[in-house]
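Letter by letter, the chains look like this.
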Amino acid sequence: MSVSAFAGSAVPGPARITVGTLHYRELNRRLKAMVDAGVEQIELRGVFGQRYIGTNLRAPVRLTVYGTPGNDLGAFMDGPSIEVFGNAQDGLGNTMNSGRIVVHGDAGDLLGMSMRGGEIYVRGNVGYRCAIHMKEYEDMRPTVVVGGTAADFFGEYMAGGRVVLLGLHLPPGAAHPGSFMGTGMHGGVIYVRGRVDRARLGTGVAVREMTDEDWPFVRQCVHEYVRLFGCGTAGAPGADAGRRGTAAGEAGSPAPSGKKILSAEEILNSPFVVLCPQALRPFAALYAART
Amino acid sequence: MKSFVLNDFIVERDDRRCIRCQVCVRQCSFEVHRYDAELDQVLADEEKCVGCQRCATFCPTHALTIRSSPREFRANANWRPELLMDIKRQAESGGVLLTGMGNDKPFRVYFDHLLLNASQVTNPSLDPLREPMEVRTYLGAKPARLRYENGRITGDMPPQIQLETPIMFSAMSYGAITYNAQLALMQAAQELGTLCNTGEGGWHPDFRKFRDHVTVQVASGRFGIDQDYLNQAAMVEIKIGQGAKPGIGGHLPGEKVTPLVARTRMIPAGTDAISPAPQHDIYSIEDLSALIYALKEATGYEKPVAVKIAAVHNAAAIASGIVRAGADVVVIDGVRGGTGAAPKAIRDHVGIPAELALAAVDRRLRQEGIRNRASLVVAGGIRCSADVFKALALGADAVYIGTAALVAMGCTLCQQCYTGKCAWGITSARPDLAKRLNPDIATRRVVNLVRAWTREIKEMLGGMGINAVESLRENRLQLRAVGLEDWEMDVLGVKGAGM
């Protein structure tokens, strides 16, 4: 490991850490020391699965991560902004409170679980049980935008927040492959571009058409997605949800040959549906009344 | 539909004593009593009575007696009246039966089959009124060996919680119990030098001032958890399971999610607060380890991280995994543990007694040589100082009490917590009922109880000729069993009385 710049030094640009096989505890301790010293931008090179990056930082620091960050990237995170040039693993943004995570690749299971605030943008696909039990509170309303598709149980138990699933690489006319999307959701909303197979949905979720109130948010997310990732096709490593493991750093490569690059307007010009709760009180009638 | 459910209770009113003051009418939150002005009589709708004894306690002339209804069907040892009534209730509603408080079924209470030793002739007993008796204990991982330099301990010591008595208050969320009830527990914990657990329902801003005496919970609902929540507390507890309802989640119904509860849980008011059955980021011991270390990272390795499980069949092996996953404290909650709301079928039939699980876990951790790596806390059915004492002798570092603390405040175990109608202001959802509990008087009662128990523990220690709870821990030689089978004594690690 080497630290190329600290706050207050004359070196312009972000501080840089070459991570290698450094233990996560030491990495996060050094990150915290740098942030406490006032460093505002830090670049992490050669990240090899170190966990909990961003968890202990409570400042609007900007982290740029090259390589593959480990599980629970930004878990309990409150404030930082993290951009990953590579794939992310499980638990990204777990119980996150505020901040932003952008992944130029795929992400694993449990992304955004119980997240209460902040934003997550993923260029490619995400794994199982993502956006489970997302919440919202007063003016905190978390956002998750996924360019590809999601494996099973996407948005299960959702209690708040907004999720956009763009399905950019799905073959024309194909439904999203994940089962039990939105099962038991009792708050929040899931916007899905492309076809949703209703037979694959779980209990408690309703499907409706987009309304005028939905479009401004979706439009804003799509424009931000295209701004962040430069192109409208998924183009990300890993063809199907749940399978990851393409070499880190490959993300950001051009769209696979043969795939048309879509503009934001072209993406928005395709059919979207909305998944929402059937009821805010799903279990109101489950119990025997006392006489 | 005509209801076939018979009354649970009979209301007897001695008309010669009744002065028509109508205290009972005002006190009953289940609307049993009503005054008929024309008859100048107080009448009772007995089918609504839950037997909480609020009216009988407050009747100034002791005119009221609330008795169990005999419900005398043809005698049948198999089909007990409770079962018949449950069937009829479900036949009429099609719903899951809910209940509150702990398992009330006559499973063997092992504490009642263990007797304590005392010094006679061969070693002197100690008098706690005249000699110092140490009841302080520390929760947290202990290093495998201590190194000294110039009489001081050197090297890294994992974070420790100092408890002035080995009795803590178990997890009861604001929302499940009232603001005043939780306030009373926190004030009592502060005064006693012990810990109070927030439960998973968040940590109210007004209660942050008790931070050095508060354990916060991280459970499947992840309510109200942010960096302040984790970092301001003394200890963080991951709740995997609860003795009253192992393996299942829960939901606080929307009508109980008042604006204040919503603020504490950080969710919108009026929505159901759902706690999924599992924590979806924990499907294995490895996942548990990931969350333990996520919490340690979030808190700078400055707080012990506890993991609470319900006592289930393989508790010993699971606890071993929990310790190896990095937990600093393991909490075992037995089958008699209380709850604000649980399906009756689950509460009464899932899990194993705390005493057996505790003894098995302690022995397993010792056999594996990892007992020092975590403290052991037992919960679920601690009813008196002798239960605390026996739990320590079976290997616990400390105990959690929940029900006993609520009983000290006024609870009578009527098991209606889930209705929100608690007449005692302990679990009430209605504001007019919730304010019945005076937090300062409740604090006094709880502090008195724990002080009394602590004094009794010192008496029992002294009788054995022991002067510190640290010397009692896992001291099974001080226990003898009566009326237990061989296998039970094997699990507990105790000999029969007379041996």
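Draft legend 1. Layout of the sheet that holds strand E23 (residues 495-496) of chain B. All names here are of chain B. Pairing in this open sheet of 3 strands is mixed, and the strands run E6-E22-E23 from one edge to the other. The open sheet is flanked by strand E6 (114-116) and E23, the only strands paired with a single partner. Where E6 and strand E22 (residues 479-481) come together, 3 bridges link them in antiparallel fashion. Residue pairing in the sheet places Leu114 in a bridge with Ala481 of E22.

Draft legend 2. Broad picture of the sheet that holds strand E7 (residues 143-146) of chain A. Residue and element names in this part refer to chain A. Strands sit in the order E1-E2-E3-E4-E5-E6-E7-E8-E9-E11-E10 across an open sheet of 11 strands; the sheet is mixed. Where the open sheet ends on each side, the last strands, each with one partner, are strand E1 (15-20) and strand E10 (205-209). For this sheet the average axis-to-axis angle between neighbouring strands, irrespective of direction, equals 15 degrees. Here 6 bridges tie strand E2 (residues 41-48) to strand E3 (residues 62-68), and the two strands are oriented parallel to one another. If you follow Val47 over to E3, its bridge partner there is Gly67. On top of the sheet, helix H2 (residues 215-229) reaches strand E5 (98-103), strand E6 (119-122), E7, strand E8 (159-165), strand E9 (187-193) and strand E11 (272-277); it is set at about 55 degrees to E6, its chief contact.

Draft legend 3. Local environment of unusual backbone geometry. Phi is positive for Phe180 of chain A, close to 60 degrees, though the residue is something other than glycine. For Phe180 of chain A, a relative accessible area of 39% corresponds to the partly exposed category. Although it is not a glycine, His62 of chain B sits at a positive phi angle of roughly 50 degrees. Looking at where His62 of chain B falls in the secondary structure, it is placed in the loop between helix H2 (54-58) and strand E4 (64-68). On the basis of relative accessible area, His62 of chain B is assigned to the exposed category, the value being 55%.

Draft legend 4. Inspection of the packing of helix H11 (residues 385-393) of chain B against helix H14 (residues 439-464) of chain B at higher detail. Residue and element names in this part refer to chain B. Packing of H11 against H14 brings their axes to within 9 Å, and their N-to-C directions diverge by 55 degrees. When the interaxial angle is binned, H11 and H14 end up oblique. The two elements H11 and H14 meet at a crossing, and its hand is right-handed. Every residue of H14 that contacts H11 at Ser385, Ala386, Val388 and Phe389 is listed here: Trp453, Glu456, Ile457, Met460, Leu461 and Met464. Across the contact of H11 with H14, the residue classes break down as 8 nonpolar, 1 polar and 1 charged.

Draft legend 5. A look at the interface of chain B and chain A. Counting from both sides, the interface comprises 53 residues of chain B and, opposite them, 38 residues of chain A. For the pair chain B and chain A, the summed buried surface comes to about 3900 Å²; carbon and sulfur atoms form 57% of the total. It is Gln227, His280 and Glu297 of chain B in chain B that bury the most area against chain A; as a group they hold 17% of the surface buried on that side. Taken together, the links from chain B to chain A amount to 1 salt bridge. Arg58 of chain A is the salt-bridge partner of Asp228 of chain B, the closest N and O atoms lying 2.9 Å from each other. Sort the elements by how many residues they give to the side of chain B that touches chain A and helix H7 (residues 285-298) of chain B lands first, with 8 residues.

Draft legend 6. Region of interest: the packing of aromatic side chains. All names here are of chain B. Here the structure, examined in full by the defined rule, presents 11 aromatic pairs over all chains. Aromatic side chains Tyr179 and Phe207 sit 4.8 Å apart centroid to centroid with 40 degrees between the ring planes, which places their arrangement in the tilted category. Of this pair, Tyr179 sits in helix H4 (residues 179-192) while Phe207 is found in the loop between strand E12 (196-197) and strand E13 (214-218), placing the two residues 28 residues apart along the sequence. Here the aromatic residues Tyr174, Tyr179, Phe207 and Phe210 are joined through ring pairs into a cluster of three or more.

Draft legend 7. Looking closely at the pairing of strand E4 (residues 78-85) of chain A. All names here are of chain A. As judged from the 5 bridges shared by E3 and E4, these two strands associate in the parallel manner. When the sheet's bridge partners are listed, Arg62 is paired in E4 with Ser81. Of the pairings in the sheet, the one linking E4 to E5 comprises 5 bridges and is parallel in character. When the bridges of E5 are listed, Glu83 appears paired with Val102.

Draft legend 8. Examining the layout of surface pockets more closely. All names here are of chain B. Computed from the structure, the second largest pocket encloses a volume of approximately 600 Å³. Lining the second largest pocket we find 28 residues, and of these Asp8, Glu82, Asp104, Lys344 and Gln415 sit closest to its centre. The set of elements that each furnish at least two residues to the lining of the second largest pocket consists of helix H3 (81-93) and strand E5 (98-99). Here the residues of the lining of the second largest pocket sort into 13 nonpolar, 5 polar and 10 charged.

Definitions and limits used
Residues numbered from 1 in each chain as written. Chains lettered and ligands numbered in written order. Predicted model: local features only at pLDDT ≥ 70, side-chain atom pairs only at ≥ 80, totals over all residues. Heavy atoms only, no water. Pairing = 2+ DSSP bridges. Helix = DSSP H or I, 4+ residues; strand = E, 2+ residues; numbered from the N terminus. Axes fitted to C-alpha atoms, helices over the stretch in contact; angles between N-to-C directions. Contact = heavy atoms within 4.5 Å. Buried < 20%, exposed > 50% of the residue type's maximum accessible area, 1.4 Å probe, protein only. Parallel < 35°, antiparallel > 145°, perpendicular 65-115°, else oblique. Left-handed = near helix turned anticlockwise from the far one by under 90°. Nonpolar A, V, L, I, M, F, W, Y, C, P; charged D, E, K, R; others polar. Buried area = accessible area lost by both parts, 1.4 Å probe. Salt bridge = Lys/Arg side-chain N within 4 Å of Asp/Glu carboxyl O. Phe/Tyr/Trp six-rings, centres within 6.5 Å; stacked < 30°, edge-to-face > 60°. 1 Å grid on protein atoms, 1.4 Å probe; cavity = no way out; pocket = protein on both sides within 12 Å on 5 of 7 lines; lining within 4 Å. Points joined across faces, edges and corners; volume = space filled by probe spheres on them.

Everything listed is a geometric property; what it means functionally is a separate question.
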